[in-house]
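The lines below spell out each chain.
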Amino acid sequence: MIKEEIQKQIFQTVETVRRTNPMAGSITNTVTINFVANAQLAVGGSAAMVYLPDEGEFLAKAGGATYINVGTLFPIYEQTLPHVAKVLHETGKPWVLDPVAVGIGSLRTQLLKQFKDYKPGVIRGNASEIIALAGLWELNGGEATSRVRGVDSTDSVNAAKTAAVSLAKWTGGAVAVSGKTDLITDGKIIAYSYGGSHFMPKITGTGCSLGGVIAVYATAASPFIAALTGTAVYNLAGARAEKKVDGPGSFQVKFLDELYKASAEDIANNPFEIEEV
Amino acid sequence: MIKEEIQKQIFQTVETVRRTNPMAGSITNTVTINFVANAQLAVGGSAAMVYLPDEGEFLAKAGGATYINVGTLFPIYEQTLPHVAKVLHETGKPWVLDPVAVGIGSLRTQLLKQFKDYKPGVIRGNASEIIALAGLWELNGGEATSRVRGVDSTDSVNAAKTAAVSLAKWTGGAVAVSGKTDLITDGKIIAYSYGGSHFMPKITGTGCSLGGVIAVYATAASPFIAALTGTAVYNLAGARAEKKVDGPGSFQVKFLDELYKASAEDIANNPFEIEEV
Amino acid sequence: MIKEEIQKQIFQTVETVRRTNPMAGSITNTVTINFVANAQLAVGGSAAMVYLPDEGEFLAKAGGATYINVGTLFPIYEQTLPHVAKVLHETGKPWVLDPVAVGIGSLRTQLLKQFKDYKPGVIRGNASEIIALAGLWELNGGEATSRVRGVDSTDSVNAAKTAAVSLAKWTGGAVAVSGKTDLITDGKIIAYSYGGSHFMPKITGTGCSLGGVIAVYATAASPFIAALTGTAVYNLAGARAEKKVDGPGSFQVKFLDELYKASAEDIANNPFEIEEV
């Protein structure tokens, strides 16, 4: 795929979402759930969040894509998450997995292991999470011992390149590694997306809400294009918001404004580079 | 009731709440729970949220009114919600029901059916939710098959008029249908409230937080006046906030400011019309 | 300890946290969980939130301090909270307890009673909560019957002085009573911290997020200094934010900005007075 073709698809994805207001349901953590919903609305999607198994199944079938984030697990997730992931896999609906804090706790480990068979269309995480998930799934580039400290990364994006490619090859979808420069791969090519702001790690939920936004775009595009489109609008909105503020509180507010205002053309033209794997 | 009498009661409700700082406890969803609390504080109320049965009972008895929103159900709600609704009904305390996403999942359906006997003082929802709830309760204007997609309405406010009147007649309270023009009825008269902003559906929780604010006003007014007062301050604050912003992030911030600053006189004078049922 | 020595320690605490980005995990309520995390990030810490027993244990051991807030209890907390508090006590890690709404419900009462043996390094609450907790623990200054209405205080800070001192003597740590003037004591001396804003009780979570911020500082200072440092930066940021806004929505945004921008010197110089117990 040449760069111009990718940009054309990004443009079309943004426009389609704005025109059709697609629903992407979520099962996500309580810390950033409000930000996830507002970011999904800002880019033109519709949001709905649930916790129970049959409600998750309903949203999985009703929505064009689904977002699953394991940040704050509840006991009921032992039933909800495998069930919903299985439904998504069997119905061929794309879903986005955010393996927050992989390595912490037995339920989290059990759930993330189960997800290997249900092949999320997009996996989004920081470098440490991507390496740890590849390790858990026994894929190349993974490491058996997680270096995840809490929810923050202790590894650089480039250190996760092999793991990201392995994961994408396994799922047949895409992987997005968030960091200073973001890496998105479908296992065949790698896109590096530029921009963003030093304020992004100073507010909670830029990663989670990006996962939710990628799910919205995944209703209208391939996993790779959805992941790259979401990452591009985040880098664009982050850079624009940073110029208008002097603190993280104002940054979050302006960031949502810029997500809402970004044109399809500007998102498609946000700087990125492509390389073959 | 003539319009001037209604306006006088709105004025008094706003003033009483600002003077007495009444507590309205909530059992509400995790997506917008922070916005609900902040909106309740902004209009002069006091907020408290819980999940467990005996804590819900405590708040029901301690508060002047209670807000129940079924947005994100937890398993414990199977015990909490019928128990608290029963306590509210038996003690004659007003409560506000927000039947978010009625039709999705078996627990939600079971709970919303049970609420029929506990007669919420105010039911607030979008048009699709009001029609679906009337259907679930087998009242006029309801439909057996929900068109609720997720949390957004696919029906117009006017399409829900018969359902809203039926629900209000059944409960003896009021029903507020949120939309471009909002409809509030006590089963005898209908008020149409004007104002608001195109940004309101672009942030999550304008509906939920309105439910919480109506509960605050219900500590000091009849269900109909509480619902109309809440809707009026939302329409006023939305219209004022919209003029100051160019995106949904800033809109939410300024909206809370305007809720806080709105005078009782301006709220009472926010445009509305009355018709007989 | 003379005032200059205290100010020097405040200065060093703020600087150490900004330099080392320490992690303080939380088990906290869903209403203000996002604000807690963003406040912790704003002062230079790292945040992570969980609900399950083994995950709480992981965070307790991985973090430099932990924040436990009983605002919105889930059923699983019956297992999680005593287990995590025990781990913290046994490993000698500092933890901050926010006894929100003490007196409401049987599980809350049971948990808060159990915490007596696990001696939180810092207890932070409003006056009514501090008096009620001392009562529950059968210490001087406490009262058997809680006057906690919901989450707001009905008592003045000075009324809680004896209770605060008793609690600090029992735990060997510190107690922070939030109010118009804030009182912080280690059982030997009392600091009164000045500043803040009339907007602080008009947004939900200033108390909760202060608890989270104190936990961040407790990774780098004694309980007393951590509590005083957190209170000082809150009073400073509150006073600064108030000058820039005319409503509570904008206040919360600017408050986070000011938390982020406050210099160690300004925080150390925020007005406070010391008296012997």
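Counting restarts for each chain, with residues numbered from 1 along the sequence as it is written. Labels follow written order: the first chain is A, the first ligand is 1, and so on. The model is predicted, so local features are restricted to residues of pLDDT at least 70 and side-chain atom pairs to those at 80 or more, both for listing and for counting; the totals for chains, interfaces and linings are taken over all residues. Side-chain numbers come from the whole structure's heavy atoms, not from hydrogens or water.

Points about the interface of chain C and chain A
- Only heavy atoms matter for contacts: two residues are in contact if any of them lie within 4.5 Å across the pair. With 30 residues of chain C at the interface, the matching set in chain A holds 31 residues.
- Carbon and sulfur atoms supply 59% of the area buried between chain C and chain A, which totals about 2,400 Å² over both sides.
- Put simply, a salt bridge is a Lys or Arg side-chain nitrogen that is within 4 Å of an Asp or Glu carboxyl oxygen. In this assembly, chain C and chain A are joined by two salt bridges.
- Between Glu-55 of chain C and Arg-108 of chain A there is a salt bridge, and its shortest N-O distance comes to 3.1 Å.
- Polar contact is defined as a pair of N or O atoms within 3.5 Å, subject to the rule that within protein one atom must be able to donate a hydrogen and the other to accept it, and that residues adjacent in sequence are counted only when both atoms are side-chain atoms. Our count for the contact surface shared by chain C and chain A stands at nine residue pairs in polar contact (both at pLDDT 80 or more).
- Those elements that place two or more of their residues in the side of chain C that touches chain A are α2 (33–42), β2 (46–49), α3 (53–62) and α10 (248–261) of chain C.
- Residues were grouped as follows: Ala, Val, Leu, Ile, Met, Phe, Trp, Tyr, Cys and Pro as nonpolar; Asp, Glu, Lys and Arg as charged; and all remaining residues, including Gly, as polar. For the side of chain C that touches chain A, the class distribution of residues is 19 nonpolar, six polar and five charged. Simply put, the buried area is the total loss of 1.4 Å probe accessible area from both parts when two parts are fitted together. Secondary structure elements are defined from DSSP: runs of H or I of at least 4 residues count as helices, runs of E of at least 2 residues count as strands, and each element is numbered from the N terminus.

Here's the deal with the side chain of Thr-32 of chain A
- For Thr-32 of chain A, the location among the structural elements is in the loop between β1 (23–27) and α2 (33–42).
- Three exposure classes are used, based on accessible area relative to the maximum for each residue type with a 1.4 Å probe and protein chains only: buried under 20%, partly exposed in between, and exposed over 50%. With relative accessibility at 2%, the residue Thr-32 of chain A sits in the buried group.
- Apart from residues no more than four positions distant in its own chain, Thr-32 of chain A is found in contact with Thr-204, Gly-205 and Cys-208 of chain A together with Asn-34 of chain C.

Examining the pairing of strand β7 (residues 182–185) of chain C
All names here are of chain C.
- Taking every second residue as pointing to the same face, both faces of β7 are buried, with Asp-182 and Ile-184 on one and Leu-183 and Thr-185 on the other.
- Linking two consecutive strands that pair antiparallel, namely strand β6 (residues 174–178) and β7, is a turn of three residues.
- We call two strands paired when DSSP finds no fewer than two bridges between them. Two elements, β7 and strand β8 (residues 189–193), share four bridges in a ladder whose sense is antiparallel. Across the sheet, Leu-183 pairs through a bridge with Tyr-192, a residue of β8.
- Between β7 and β8, which pair antiparallel in sequence order, lie three residues; one of them, Gly-187, sits at a positive phi of approximately 95 degrees.

A closer look at the relation of the copies chain B and chain A
- A least-squares superposition brings the copies together, and it is based on the C-alpha atoms of residues with pLDDT no lower than 70 in both. After a rotation of 120 degrees and a shift along the axis of 0.0 Å, chain B superposes on chain A with an RMSD of 0.0 Å. This pairing of chains is accounted for by a three-fold axis. Residue Thr-30 of chain B, judged by its C-alpha, is the member of chain B lying nearest the rotation axis, at 3.7 Å.
- Each copy contacts the other with its own distinct surface, as only 10% of the interface residues of chain B are interface residues in chain A too.

Looking at the UniProt feature "binding site: ATP" (unreviewed entry) in chain A
Residue and element names in this part refer to chain A.
- As recorded in UniProt, the sites labelled "binding site: ATP" (unreviewed entry) are Arg-124 and Ser-178. These residues run over 55 residues, yet every pair of their C-alpha atoms falls within 7.3 Å of each other.
- Residue placement: Arg-124 occurs in strand β5 (residues 122–126).
- Aside from chain neighbours lying at most four places away, what touches Arg-124 is Leu-97, Asp-98, Pro-99, Ile-130, Ala-176, Ser-178, Gly-207, Cys-208, Leu-210, Gly-211 and Ile-214.
- Tracing the sequence through the fold places Ser-178 in strand β6 (residues 174–178).
- With sequence-adjacent residues up to four places away left out, Ser-178 is seen in contact with Arg-124, Gly-125, Asn-126, Ala-127, Val-157 and Leu-210. UniProt positions are given in the numbering used here, feature names are shortened, and annotations may be inferred rather than shown by experiment.

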